[in-house]
Amino acid sequence: MTIGNIGDRRGVGAVVDLTHPHTPAFPTWDGVPGVALERRASVEHEGYGLHVWHLDEHTGTHLDAPRHYDPDGLDAASIPADRLVLPLAVIDVRARAAADCDHALDLADIAADEALHGPIPAGACVALLSGWGERVGGPGFRNVDAAGVMRFPGFALAAARFLAEERGALALAVDTLSLDPGRSPDLPVHRFWLPSGRYGLECVAALDRVPPRGTTLVVGAPKIVGASGGPCRLLAIT
Ligand SMILES: [Zn+2]
């Protein structure tokens, strides 16, 4: 049985799914598959279908809760619901990232973005659009170099600080595997951003399908007590 197109949608805008399908083949930080389904029951045998999930919290399109870098920080279940529905601002650095796979979104990128699209709204999720989302199906997503180091774009610490302190941003999102650039040895954006009580979203899909401003992001974070993050469904409403 399938469901048809909803068509005229209840007065809600168009919905863009910013979530990659999660499979054992989806690229992960450590290269170990992030999800597996174990069949516990099937319609054929038991009359109903049921799986047990084996799931790494930080795989697929996922949340980094403050708890990920702060033992006393909010866990995935404790992030207030009104922080999970917020304005989305997308900063397009695809040109710089194409020229430099280590590009860290910096203050110049924010200034250029705001000159074109206006100020980043208060309380936003600010997303890095590097173009890496298109690489998910191949080795170019982790982009491991000859020395075994992953090479992909992320945020610069100065930019993260500016977005927190001068723009009141609540969340950062990236279309890569990490808020910090892949080759970062000490992950300063994680160490600043998450203990400040803010959260991150990684491996975000389809950021090229939403405008730079004007959409509302809905973060379907898992409400699992104690979790340091977890795969989420991200929906942008235009
Ligand atoms: Zn992370």
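As a reminder, the structure under discussion sits directly above these lines.
Within every chain, residues take consecutive numbers counted from 1 along the sequence as written. A pLDDT threshold of at least 70 governs which residues receive local features in this predicted model, and a stricter bar of 80 or more applies before side-chain atom pairs are shown or counted, although totals over entire chains, interfaces and linings include all residues.

J.: For this particular structure, what's the right way to read the overall build of the chain?
T.: Looking only at helices and strands, one finds four helices and 13 strands in the chain. With the radius of gyration taken over C-alpha atoms, the globule rule is written as 2.2 Å times the number of residues to the power 0.38. Taken over the C-alpha trace, the chain has a radius of gyration of 18 Å; the compact-globule value for 238 residues is 18 Å, and the two agree within 12%. Across its three principal directions, the C-alpha atoms of the chain cover 60 × 50 × 35 Å. Any residue whose C-beta has 12 or fewer other C-beta atoms within 10 Å is treated as exposed, any with 20 or more as buried, and any in between as partly exposed, C-beta atoms being built from the backbone. Out of the 238 residues in the chain, the part that is buried amounts to 39%. Contact criterion: two residues are in contact if their C-beta atoms, reconstructed from the backbone, are within 7 Å. Excluding contacts between residues fewer than 6 apart, the proportion of contacts in the chain whose partners are at least 24 apart in sequence is 74%. Where helices and strands are cited, they refer to DSSP runs of H or I of at least four residues and of E of at least two residues respectively, numbered from the N terminus.

J.: In this structure, what is going on with the sheet that holds strand S13 (residues 233-237)? I would like to understand it.
T.: Two pairing modes exist for strands in a sheet, parallel and antiparallel, and in both the strands are linked by backbone hydrogen bonds. Read from one edge to the other, the open sheet built from nine strands follows the order S1-S13-S11-S5-S7-S9-S10-S4-S12, with strand pairing classed as mixed. Whereas interior strands pair on both sides, the edge strands pair on one side only; in this sheet they are strand S1 (15-17) and strand S12 (229-231). Direction aside, neighbouring strands of the sheet carry axes that sit 25 degrees apart on average. Strands pair, by our definition, only if DSSP identifies at least two bridges between them. Bridge analysis of strand S11 (residues 215-220) against S13 gives five bridges, and the strand direction is antiparallel. Bridging from a neighbouring strand, Val 218 pairs with Leu 235 of S13. Here an angle of 0 to 180 degrees is reported between the N-to-C directions of two axes, which are lines fitted to C-alpha atoms, with helices fitted over the stretch in contact.

J.: Got a minute to help me understand unusual backbone geometry in this structure?
T.: Trans is the prevailing form of peptide bonds, just as negative phi is the prevailing case for residues other than glycine. Of note in the backbone geometry, Leu 187 takes a positive phi value of approximately 50 degrees without being a glycine. Mapped onto the secondary structure, Leu 187 falls in the loop between strand S9 (171-174) and helix H4 (188-193). Note on Leu 187: 17 C-beta atoms within 10 Å, which makes it partly exposed. Look at Cys 203: it is not a glycine, yet its phi comes out positive at around 60 degrees. Relative to the assigned elements, Cys 203 resides in the loop between strand S10 (199-202) and S11. Take Cys 203: there are 30 C-beta atoms within 10 Å of it, and that puts it in the buried class.

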